[in-house]
Amino acid sequence: MAGSGIVIRAAHYPGRAPIEAYGNGGFRFADMSHRGSLLCLPSGIHGWQPADPVALTAADFDKVVAEAEGIEILLVGTGEEIRPLSKTLRAALKEAGIAADPMSTGAAVRTYNVLLAEDRAVAAAFVAVD
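Below you will find a few notes about this structure. Treat the numbers as computed from the prediction; the structure is a model and nothing was measured. (Residues numbered from 1 in each chain as written. Predicted model: local features only at pLDDT ≥ 70, side-chain atom pairs only at ≥ 80, totals over all residues. Heavy atoms only, no water.)

1. So, unusual backbone geometry
Formally: Secondary structure elements are defined from DSSP: runs of H or I of at least 4 residues count as helices, runs of E of at least 2 residues count as strands, and each element is numbered from the N terminus. Under the scheme applied here, a residue whose accessible area is under 20% of the maximum for its type counts as buried, over 50% as exposed, and between as partly exposed, the area being computed with a 1.4 Å probe on protein chains only.
We note that Ala30 has phi near 50°; this positive angle belongs to a residue other than glycine. Tracing the backbone shows Ala30 in the loop between strand 3 (26-29) and strand 4 (32-35). The class for Ala30 is partly exposed, based on a relative accessible area of 26%. Even without a glycine there, the phi angle at Asp119 is positive, about 60°. Looking at the element boundaries, Asp119 is found in the loop between helix 3 (105-117) and strand 9 (122-126).

2. Brief notes about the environment of Thr88
For Thr88, the position within the fold is in helix 2 (residues 87-95). What makes Thr88 exposed here is its relative accessible area of 58%. It is 12 Å that separates the C-alpha atoms of Thr88 and Ala55, two residues lying 33 residues apart in sequence.

Printed below as a string of C-alpha cells:
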C-alpha cells in the first residue's frame with residue numbers, strides 16, 4: 001500500500017446549516033466543529049483565512065463574488081468589534097450585486113441563522129473570535 005497517508009483537504013461542508021455555537025477561535029454547525037473563520041455561501045460552508053482579519057480586502061471575498069448570483073445580502077462578522085468595510089471592498093461587492101452589512105461576529109451569526117431559517121439568499125463571512 002504505497003503512497004497512502006493523511007490527505008489534508010480544504011475545509012468544506014457541502015450544504016447550508018445554521019451556526020450552533022461560536023467562540024474559542026471557531027464555530028459549531030451540523031454537529032461538526034471548525035477552528036478558524038468561515039464563509040457561508042450557497043455552495044456550502046467553507047474554511048476561510050482572510051489575509052488580515054482586522055483589515056479585510058476585496059481579495060478575501062473572491063469566493064463570495066464568484067457566487068454572487070445566489071447572494072442578496074452578505075453578513076460580515078468582523079470579530080468582537082464592528083469594523084467598517086473599506087470603500088474598495090464595498091465597491092467590489094456592490095459591483096457584484098451584493099449588499100454587505102458588517103457587524104460583530106456574534107450579531108452576524110444570530111442574523112444569519114434567522115435569515116437562513118426564512119430561506120433568504122443570505123451569505124456570511126465570519127471572522128472567528130476567542
